[in-house]
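# Structural characterization, general
The primary structure of each chain is shown beneath.
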Amino acid sequence: MLSLALAGKPNAGKSTFYTASTLAEVDVANYPFTTIDANRGVTHARTRCPCLDRDERCGNCEDGIRYVAVELVDVAGLVPGAHEGRGLGNQFLDELTNADAIVNVVDASGGTNAEGEPVEVGSFDPVEEVDFIEEELEQWLAGIVHKNWESVVRKSRSPDFDMDDALSDLLTGVGASEYDIAAVLRDLDYSPNPQDWDDEDRVELARAIRQRTKPIVLVANKVDIAPPENLKRLAETGKPVIAATADGELALRRAREAGIIDYHPGDDDFELVGDVSGAQEKGLERIRDLMGEHGGTGTQEAIDTAVYDVLDRITVYPVQNESKWTDGTGNVLPDAFLLPRGSTPRDLAYAVHSDIGDGYLHAVDAREKRRIAEDQELEEGDVIKIVSTAK
């Protein structure tokens, strides 16, 4: 399962975003460090279900909308100097190690200062938060590299020294694979002798590793109270910014649970279907206005952007019966896998189970009812039958 981590300064709305996206109960309060231990739950990426191309819905989607499970981790708020241990920063940064991407939640209202303490709305510049997580992560990684660099130097005295291997030993513990490290080193201009490296070389390495292994989606939260000029200035940073109201999304999810509205997470509107008080209706209409202005509440868009755009995943559906699109017990399109773009049928086989991959024979495109090549690149929405010696 892919893993996304919510990060940002304290009191930016991460825990509300987490609750809205997972419907898991966590502490939410208007003071720093409400969250101490990371919360872990399941959210979902939204995509079009292939059953829309058939006469009947599969039963595993919502009116043709497929939600694919993704892990979501709510990390405690980070303060400036976190990489030096401020605010238990090293502990919190450690929680980001296994995340595939990071959702940086920014308080677009400017109603909290750099430490996450409440201030007058509009009095703090949210642009200061844009590069904050990147800088803290990169300095934290650079610190790890620096702390352990002597071990790399010692290894370099061996006649069979290999820089890729040495850095793999050093960095695989912070979420970088051997492939990541090899790819980063190809793009860096560096001395093959680690004794020649200085602090700036190590920072450059850390920065490149962070960019490759911890891409960031920027979320401008609290748009319901954010001054328009703040949103404009955030948009002018040149980074992709998603306007969001986690409070609004949570209200819609609760209303949906109560049977008050018809709403699918990620929709740009909802339908009132139950009885509500005047105050409830007024609150819902306020959310509707925000959705009309921003194309939704932004929370689902942030998840989808991380999964499908930043991480460049595709959704593929393995089946056993290529005619009925079912598994062995007759369930239609029961499983959906998020694979890296460029994945092949054999990659899908291994994603289903290592034994299926080891016993791979061939694959069938269930839409076209034809065998496909082992090296064919799969596409979003493909329905594939894997034929394997394993059962």
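Just above sits the structure.
Here goes a summary of the coordinates provided.

How each quantity is defined
Residues numbered from 1 in each chain as written. Predicted model: local features only at pLDDT ≥ 70, side-chain atom pairs only at ≥ 80, totals over all residues. Heavy atoms only, no water. Helix = DSSP H or I, 4+ residues; strand = E, 2+ residues; numbered from the N terminus. Rg over C-alpha atoms; globule rule 2.2 N^0.38 Å. Contact = heavy atoms within 4.5 Å. Areas by Shrake-Rupley, 256 points an atom, 1.4 Å probe, with all protein chains shown as cover. Lys, Arg positive; Asp, Glu negative; His and termini not counted. Charge placed at Lys NZ, Arg CZ, Asp CG, Glu CD. Polar contact = N/O pair within 3.5 Å; in protein donor to acceptor, adjacent residues only side chain to side chain. Pairing = 2+ DSSP bridges. Axes fitted to C-alpha atoms, helices over the stretch in contact; angles between N-to-C directions. 1 Å grid on protein atoms, 1.4 Å probe; cavity = no way out; pocket = protein on both sides within 12 Å on 5 of 7 lines; lining within 4 Å. Points joined across faces, edges and corners; volume = space filled by probe spheres on them. Nonpolar A, V, L, I, M, F, W, Y, C, P; charged D, E, K, R; others polar. Core = buried A, V, L, I, M, F, W, Y, C linked by side-chain atoms within 4.5 Å. Buried < 20%, exposed > 50% of the residue type's maximum accessible area, 1.4 Å probe, protein only.

Moving on to the overall build of the chain. A tally of helices and strands in the chain yields 13 helices and 13 strands. Relative to its length of 391 residues, the chain is compact, with a C-alpha radius of gyration of 23 Å against a globular reference of 21 Å. Taking all contacts inside the chain whose residues are at least 6 apart in sequence as the whole, residues at least 24 apart take part in 66%. Per element, the accessible surface of the chain, about 18,100 Å² overall, is 43% carbon and sulfur. Here the chain contributes 39 positively and 76 negatively charged side chains, and the mean placements of these two sets differ by 4 Å.

Below, the discussion takes up the side chain of Asp382. As for its position among the elements, Asp382 is in the loop between β12 (370–372) and β13 (383–388). A polar contact of 2.8 Å, which involves the side chain of Asp382, links it to the backbone nitrogen of Glu379.

The next subject is the sheet that holds strand β2 (residues 39–48). Strand order in this open sheet of six strands is β2-β3-β1-β4-β5-β6, and the pairing throughout is mixed. Edge positions in the sheet fall to β2 and β6 (241–243), since each has one partner strand and no second. In this sheet, adjacent strand axes meet at a mean angle of 30° when their direction is disregarded. With respect to the sheet, helix α3 (residues 132–147) is in contact with β1 (3–7), β4 (101–107) and β5 (216–221), its orientation differing from that of β4 by roughly 135°.

Moving on: the sheet that holds β13. One open sheet accounts for five strands, arranged β10-β9-β13-β11-β12; its pairing is mixed. Where the open sheet ends on each side, the last strands, each with one partner, are β10 (337–340) and β12. Neighbour-to-neighbour, the strand axes of this sheet turn through a mean angle of 45°, independent of strand direction. In this structure, strand β11 (residues 360–365) lies alongside β12, joined through three bridges in antiparallel fashion. Looking at the pairing, Ala363 lines up with Ile372 of β12. Across the sheet, helix α12 (residues 345–352) lies against β9 (313–319), β10, β11, β12 and β13, angled at about 135° from β10, the strand it touches most.

Its place among the elements puts Ile225 in the loop between β5 and α8 (228–235). Counting along the chain gives 50 residues from Ile225 to Asp275, while the straight-line C-alpha distance between them is 27 Å. Not counting residues up to four positions away in its chain, the partners in contact with Ile225 are Ser109 and Val121.

Counted according to the given criterion, the structure contains two cavities of 30 Å³ or more. Space inside the largest cavity adds up to approximately 40 Å³. What lines the largest cavity is simply Leu188, Asp189, Tyr190, Trp197, Asp201 and Glu204. By volume, the second largest cavity is sized at about 30 Å³. Lining the second largest cavity are Thr97, Leu137, Trp140, Leu141, Val174, Thr213 and Lys214. Ranked by residue count, the leading element in the lining of the second largest cavity is α3, at three residues. Partitioned by chemical class, the residues of the lining of the second largest cavity number four nonpolar, two polar and one charged.

All right, on to the nonpolar core then. Counting residues in each nonpolar core, the largest one holds 35 residues, and the members touching the most others are Trp149, Leu167, Leu171, Leu205 and Ile209. Those elements that place two or more of their residues in this core are β1, α3, α4 (149–156), α5 (163–171), α6 (178–187) and α7 (199–213). A per-element tally of this core places α3 first, with seven residues. Non-local contacts of Leu205, meaning those with residues more than four positions away in its chain, are made with Val145, Leu167, Leu171, Val184, Leu185, Leu188 and Trp197. Counting residues in hydrophobic clusters, the runner-up holds 25 residues, among them Val70, Val105, Val217 and Ala302.

Within the secondary structure, Asp224 sits in the loop between β5 and α8. Taking the C-alpha atoms as reference, Asp224 lies 8.2 Å from Ile287; in sequence the two are 63 residues apart. Setting aside residues up to four positions removed in sequence, Asp224 forms contacts with Thr245, Arg286 and Leu290.

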